[in-house]
Amino acid sequence: MSNQQNRLASGGAINRSNPVNFSFDGKIYSGFEGDTLASALLANNVALMGRSFKYHRPRGCLTAGSEEPTALVEMRTGARREPNTRATMVELYDGLEASSQNRFPSLKYDVQSVNQLLGRFLTAGFYYKTFMWPASFWEPVYEKFIRKSAGLGRAATEADPDSYEHSHDHCDVMVVGAGPAGLAAALSAGKTGARVILVEEQPFLGGNLCLERDEIDGMPAAEWVEQSAAKLAKMDNVKVMQRTVLFGYYDHNVMAALERVSDHVAVPAEHQPRQRMWTIRAKEVVVACGSQERPVVFDNNDMPGIMLSTAVRRYVDRFAATPGKKIAICTNNDDAYQTAALLQDKGIDVVVVCDVRTKASAAAKAAVKNGIKVELGIIPAKANGWHRVSSLSLQRLDGSSYGSVECDCVAVSGGHSPDVHLVSQTLSLPVWNDAIQGFVPGKPTRPERSVGASSGSFALADGLLEGHRGGHEAAKAAGRKVGKLSAEPKTKRIPFGSIESVWRCPGDGKAFVDFQNDVTAKDIQLAEQEGYSSVEHTKRYTTLGMATDQGKTSNINGLAILAAARGLSIPEVGTTRFRPPYSPVAIGAFAGHERGMTFQPIRRTAMHRCHEKLGAVFVEAGQWLRPQYYPLPGEDIMEAIWRESAQVRKTAGICDVSTLGKIEIFGDDAGEFLNRLYINGWKMLAPGKARYGLMLREDGYVFDDGTTSRLADDHFFMTTTTANAARVLAHMEHASQVLWPELDVHFCSATEQWCGVAVAGPNSRKILQAAFGKSFDFADENVPFMAAREFDWNGATARVFRISFSGEMAFEVNVAWRHGEAMWDVICKAGEKRGLIPYGTEALGVMRIEKGHVAGNELDGRTTAADMGLGSMMSSKKHFIGLPMARREGMTASDRPKLVGIKLTQKSGRLRGGAHIIESLDNTFTDASLGWISSVGDSPAIGTWIGLGYMKGGMENEGKKMYAHYPLRKESVEVEICSPHFFDPKGERHHG
Amino acid sequence: MHQIDCPWCGTRDEAEFQYQGDATVTRPKPDASEKAFFDYVYIRDNPKGWHTEWWHHVGGCRQWVKVVRNTFTHDIHTTGGPHDKLSKPRKGAR
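Residues numbered from 1 in each chain as written. Chains lettered and ligands numbered in written order. Predicted model: local features only at pLDDT ≥ 70, side-chain atom pairs only at ≥ 80, totals over all residues. Heavy atoms only, no water.

(A) Structural detail: the overall build of chain A. Summing up its helical and strand segments, chain A has 24 helices and 49 strands in all. Its C-alpha atoms give chain A principal-axis dimensions of roughly 115 × 75 × 55 Å. Classification of the 992 residues of chain A by burial places 58% in the buried group. Considering only intrachain contacts with a sequence separation of at least 6, the fraction spanning at least 24 residues in chain A is 67%. Total accessible area on chain A is roughly 40,800 Å²; 52% of this is exposed by carbon and sulfur atoms. (Helix = DSSP H or I, 4+ residues; strand = E, 2+ residues; numbered from the N terminus. Buried < 20%, exposed > 50% of the residue type's maximum accessible area, 1.4 Å probe, protein only. Contact = heavy atoms within 4.5 Å. Areas by Shrake-Rupley, 256 points an atom, 1.4 Å probe, with all protein chains shown as cover.)

(B) Focus on the overall build of chain B. The helix and strand tally for chain B stands at one helix and six strands. Beginning at the N terminus, the succession of helices and strands in chain B can be written as β-β-β-α-β-β-β. Projecting the C-alpha coordinates of chain B onto the three principal axes gives extents of approximately 40 × 30 × 20 Å. Every one of the 94 residues in chain B was classed for burial, and the buried ones make up 36%. Within chain B, contacts between residues separated by at least 24 positions form 43% of all contacts whose residues are at least 6 apart in sequence. If the 14 positive side-chain charges of chain B are averaged to one point and the 12 negative ones to another, these points end up 5 Å apart. (Lys, Arg positive; Asp, Glu negative; His and termini not counted. Charge placed at Lys NZ, Arg CZ, Asp CG, Glu CD.)

(C) Geometry of unusual backbone geometry. Omega for the peptide link from P580(A) to P581(A) comes to 0°, which places this bond in the cis form. Take P581(A): it is sitting in the loop between α14 (570-573) and α15 (587-591). Phi is positive for N84(A), close to 55°, though the residue is something other than glycine. Relative to the helices and strands, N84(A) resides in strand β6 (residues 82-86). Phi is positive for H74(B), which is not a glycine, with a value near 70°. Among the structural elements, H74(B) can be located in the loop between β5 (64-70) and β6 (76-80).

(D) Here's a closer look at the pattern of salt bridges. All names here are of chain A. This model, assessed by the stated rule, comprises 51 salt bridges over all chains. One salt bridge connects R504 with D299, and the closest N-O pair in it is separated by 3.1 Å. Separated by 205 residues along the polypeptide, R504 in the loop between α10 (460-477) and β29 (512-514) and D299 in the loop between β16 (291-293) and β17 (306-308) bring together distant segments of the chain. Taking the shortest distance from any N to any O, the salt bridge between D335 and R313 comes out at 3.3 Å. A residue pair is termed long-range when its members are at least 10 positions apart, and D335 in helix α7 (residues 335-345) and R313 in helix α6 (residues 309-317) qualify at 22 residues. Exposure remark for D335: the relative accessible area of 7% places this residue in the buried category. (Salt bridge = Lys/Arg side-chain N within 4 Å of Asp/Glu carboxyl O.)

(E) Representation of the sheet that holds strand β2 (residues 27-33) of chain A within the structure. Residues and elements named next belong to chain A. Strand order in this open sheet of five strands is β2-β1-β7-β5-β6, and the pairing throughout is mixed. Lying at the two open borders of the sheet, with one neighbouring strand each, are β2 and β6. For this sheet the average axis-to-axis angle between neighbouring strands, irrespective of direction, equals 40°. (Pairing = 2+ DSSP bridges. Axes fitted to C-alpha atoms, helices over the stretch in contact; angles between N-to-C directions.)

(F) Inspection of α10(A) at higher detail. All names here are of chain A. In this model α10 runs 25 Å from its N-terminal to its C-terminal C-alpha over 18 residues, within 8% of the 26 Å that 1.5 Å per residue would give. For α10, the secondary structure elements touched by its buried residues are β8 (164-176), α4 (180-191), β10 (215-216), α5 (221-234), β15 (275-287) and β28 (448-450). Looking one or two places after α10, you find G479, whose phi comes out positive at around 100°. (Expected span 1.5 Å × (residues − 1).)

(G) Inspection of the interface of chain A and chain B at higher detail. Listed per partner, the contact involves 28 residues of chain A and 26 residues of chain B. Between chain A and chain B, a total of about 2,400 Å² is buried, with carbon and sulfur atoms accounting for 55% of that surface. Ionic pairing is found between R62(B) and E733(A), a salt bridge with its closest N-O pair at 2.7 Å. For the pair chain A and chain B, the interface holds 14 residue pairs in polar contact (both at pLDDT 80 or more). Mapped onto the side of chain A that touches chain B, the elements with two or more residues apiece are α19 (725-739) and α23 (883-886) of chain A. Top contributing element to the side of chain A that touches chain B by residue count: α19(A), with eight residues. For the side of chain A that touches chain B, the residue count by class is 15 nonpolar, six polar and seven charged. (Buried area = accessible area lost by both parts, 1.4 Å probe. Polar contact = N/O pair within 3.5 Å; in protein donor to acceptor, adjacent residues only side chain to side chain. Nonpolar A, V, L, I, M, F, W, Y, C, P; charged D, E, K, R; others polar.)

(H) Geometry of the sheet that holds strand β42 (residues 810-816) of chain A. Residue and element names in this part refer to chain A. Spatial ordering of the open sheet is given by β40-β41-β42-β39-β33-β43, a layout of six strands whose pairing is mixed. Two strands lie at the open edges of the sheet, namely β40 (788-793) and β43 (836-838), each paired on one side alone. The sheet shows a mean angle of 25° between the axes of neighbouring strands, taken without regard to direction. Relative to strand β39 (residues 754-760), strand β33 (residues 652-656) runs antiparallel, the two sharing four bridges. If you follow C655 over to β39, its bridge partner there is A758. The sheet contacts of helix α21 (residues 820-831) involve β33, β39, β40, β42 and β43, and relative to β39 the element is tilted by about 15°.

(I) Just a positive patch on the surface, in detail. Residues and elements named next belong to chain A. On the surface, K766, K829, K833 and R834 cluster together to form a positively charged patch. As for its placement among the helices and strands, K833 is situated in the loop between α21 and β43. Exposure remark for K833: the relative accessible area of 82% places this residue in the exposed category. (Patch = residues over 30% accessible without salt bridge, like charges linked within 9 Å, V, L, I, M, F, W, Y side chains within 5 Å.)

(J) Geometry of the packing of aromatic side chains. Per the counting criterion, the structure on display carries 23 aromatic pairs over all chains. Relative to F439(A), the ring of W432(A) lies with its centre 5.1 Å away and its plane at 75°, an arrangement referred to as edge-to-face. When the ring of F772(A) is compared with that of F791(A), the centres are 5.5 Å apart and the planes differ by 85°; the resulting orientation is edge-to-face. Of this pair, F772(A) sits in helix α20 (residues 764-772) while F791(A) sits in strand β40; the two residues are 19 residues apart in sequence, bridging distant segments of the chain. For the pair formed by F772(A) and F791(A), the shared burial category is buried. Members of the aromatic cluster, each reached through a chain of ring pairs, are F772(A), F776(A), F778(A), F791(A), W793(A) and F811(A). One cation-aromatic arrangement involves R59(A) over F512(A); the distance from NZ or CZ to the ring centre is 4.7 Å. The residue whose ring lies beneath K48(B) is F72(B), and the NZ or CZ to ring-centre distance is 4.4 Å. (Phe/Tyr/Trp six-rings, centres within 6.5 Å; stacked < 30°, edge-to-face > 60°. Lys NZ or Arg CZ within 6 Å of the ring centre and 35° of its normal.)

(K) Quick peek at the packing of α4(A) against α5(A). Residues and elements named next belong to chain A. Running from N to C, α4 and α5 cross one another at 30°; their axes reach a closest spacing of 10 Å. Taken as axis vectors, α4 and α5 run roughly parallel relative to one another. Considering the relative orientation of α4 and α5, their crossing is left-handed. On α5, the residues touching P180, L183, A184, A186 and L187 of α4 are W224, V225, S228, K231 and L232. A class-by-class count of the residues in the contact of α4 with α5 yields eight nonpolar, one polar and one charged. (Parallel < 35°, antiparallel > 145°, perpendicular 65-115°, else oblique. Left-handed = near helix turned anticlockwise from the far one by under 90°.)

(L) Fine view of helix α17 (residues 637-650) of chain A. Residues and elements named next belong to chain A. Helix length check: α17 (14 residues) gives 20 Å between terminal C-alpha atoms against 20 Å at 1.5 Å per residue, within 8%. Where α17 is concerned, the buried positions are A640, I641, R643, E644, S645, V648 and R649. Considering only its buried residues, α17 is in contact with β32 (624-629), β33, β39, β43 and α22 (841-851). Where α17 begins, the side chain of D636 points an oxygen toward the backbone nitrogen of M638, at a separation of 3.2 Å.

(M) Highlighting the side chain of R274(A). With respect to the helices and strands, R274(A) occurs in the loop between β14 (254-259) and β15. If near-sequence neighbours (up to four positions away) are discounted, R274(A) is found in contact with R76(A), R80(A), D162(A), S163(A), Y164(A), E259(A), R260(A), V261(A), S262(A), D263(A), A266(A) and P268(A).

(N) Spatial organisation of the nonpolar core. Residues and elements named next belong to chain A. Among the nonpolar cores identified, the biggest contains 79 residues, and L37, L96, Y315, I329 and L392 are the most heavily contacted of them. In terms of residue count, helix α1 (residues 37-43) provides more of this core than any other element does, six residues in total. Excluding its chain neighbours within four sequence positions, the residues that come into contact with L96 are N21, F22, S23, L37, M75, V90 and E91. (Core = buried A, V, L, I, M, F, W, Y, C linked by side-chain atoms within 4.5 Å.)

(O) A look at the environment of F24(A). Residues and elements named next belong to chain A. Among the structural elements, F24 can be located in strand β1 (residues 15-24). Between the C-alpha atoms of F24 and S100, which are 76 residues apart in sequence, the distance is 7.5 Å. Setting aside residues no more than four positions away along its own chain, F24 makes contact with Y29, L41, L48, M49, V73, A98, S99, S100 and L107.

Spelled out as structure tokens, the structure:
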């Protein structure tokens, strides 16, 4: 265990009474509660935290917050292993396990760092240039290489054991960010009684306030933050959400936020999710996200020990961990002098402050007065060291050398960029502000306002005032009655001062702009030379600003270097649009509870338990679970299907058909309405009769089919396929509400009101008669083929339809959903001695193929009624949906693939759905395809594999020998083209 | 995530609705030409700005609702029933 040699003796917002142990790359360290992983590593003098993406260069942390590009670690182990976690955002807990990424065999000795020597070949666009020729190398060589080197950490390979929640909320005023401006806004909005939500990504409030040196309302910042938090906690109308990042700003002022509920503990507490995804609707928004400091672009500026000036300040101030013992500061603005002053307060050696500006600012003069060495007009030239900076070479603005200083840390400040990410998600275009050398939010397109640093007002006094006013105004705009605005929190006014940018300090080495993607200044210049000079092209060609940090630290520096290369100003080059998410969001959080068995609702029929008792194997049909087959002991799927379909034709079978879509249709114009929906006629259908119907889409292709019965003059009962039930209902609603509101027709879905069974086979009548006894007479005279009847079954209404999908004599009986089990049981009991067996969707499929009945596989959205051999159903006496488009030349062409039967002629092998029909095995490429097989089954009635399919020329091919070719398995079998009506072609059996 | 004012149910979340496309096209009379039907089925404008669209309230009253919506900003100007004449704002959003 090491001794935290870089921990300061006092200060910081850490809990020194609670030391915690953690491990990094297997080595045990100790830190304190309140530390981040990064601050604890720095306290232990560990600066090397990872290897870079492309060149595998050693990297430390550049920042102390959410924008961190390089200190990405793998957190936890096993199923909870999580890659690419920012060490600067990981809260330390006892037993934390983290490891570095992108290195082999170890962080200090990494094999692929040889990539640095190949840097010449790994420049901008190297993927596009390198992996092009020869084409034969794409899959076997290049893909393997790219896959191996792509990505950063390793995802867990086991299922995530934790849960993720989705939650919703509403508010009058959403305040984003709890820095000084955000706190002031939440306080003033809260005072009006408005419902306020304050979200803060960090586990602490106060943002970049320097706890020890800043003063507000006459007290140290730490105390002011504490008092503000206490005031907010007392307001019932204010909700403060910490550890919550607002990552997306969407339409109609909806915001998405991610709450890290349990990321700061080893394992979530019982019944607690790891993370919670929030969808929040806000009437008004106050954006107080602050700003992001920019790095300085000079040679080797990525070396561990080099970090942003505000980051150094935060590590020392909040975490009492100093990133170095001899710190050099390079700046182009006054803000870094606050870092210098803090370090001096803490007795840390500030070796030099190099200021780009040649004229001493007030802050520079004050520093000199306090004995800090300030060099004006001096910029960094090159960092030197191995695994960590050990000295910094300096230069004048003209590039001439200015010696070097020894240091183990360099604090850099290239200025501050307002955080315009969220606002630019609302389509508001950021506007360049020359005074701060950064983009500020443009004209709002939504009810939002930016305050403080995120609006470009960097001085603390301005932030407090803007926040205070912004919160009040937002509450008023949200419709709250607000009183007079009280006085804002006061602080000493320190103007932010001037800024002078040197975007690329002269040098010919590697000077990084995007630290996460290893994009150098040279890469950007090269992209411009090669013609990728539009900002969006440069981004994609170089990968500048991509990946998990979304270019937070690289955006402005990259634009400036591109602008210089093009001889334009930065606003002329423009900026890329920031897109959600602002911070990386785990896929598990998006999925929430919608995973595994709770991915979507499961629909079970009324008879589900009956099927379970019989040992059914279920298959998913949309959200429905349907019995696929009912295996007997020792039976495999093929044997079960064969037995079930053979037995139905021999004696009888019962099948649950409750999942069919069912629609009750009423009204004087119900017949006319059906006439316009279906291709065949319905007005003359007599009450008590059923009819098969086919409907088209408006484009003329077949949409759905099913039987519809007329129960009374003004009452029809429609069935649809299971898959299309919802679509058919929506289609009918369009027709009645939009197209023909004048028709007297009303309908509603009854799919879950009626459950149904099909009882099929030679014994079906006897079985049903025995089951329902005196309730109904199942004799042919009373219920002939295609009859539809209603009867009373012990006080419940039952409907019986004499229709047949299997080709056998068959009845479909419907009763109210709640009577489903009773009906199933009574029929099965009656069938016990009459050879009744339950059959599933597979046997049903085999029997309908034997009969040549089309089903879902044949209704694939590309077929016409004529393609299916049902062209003669199209009525010529009426207009219906799809008729005009079905008459088009291409829809009626004679060479369209038409429905055929396919029979396996060889003794071994099988047919497969999706196989192509080809004439000879000499050419098995797609240009030889004459058609395809849509449905197959191993038929007991025919004694071999049969199938339905579509083929050019259709039945003109009858009797021809062909091959069914299935390239996925490299199978080819010999088949014969035949009539799709394999079994009982004259249809005698369904009469019984 | 839109909020849509259903004329029958009041303001509801987008999740209750199913987008059903362009509401500016009208089905031709049954005896109209093939070209008229072809245009009705296939030809659509793709406006950047205000557009009149169908949103089917499938998770509510199941009415087809006409919505005047800006395809660029996603702002909604007004909503109505299938046969209401809805006006579009002259200019862009807000």
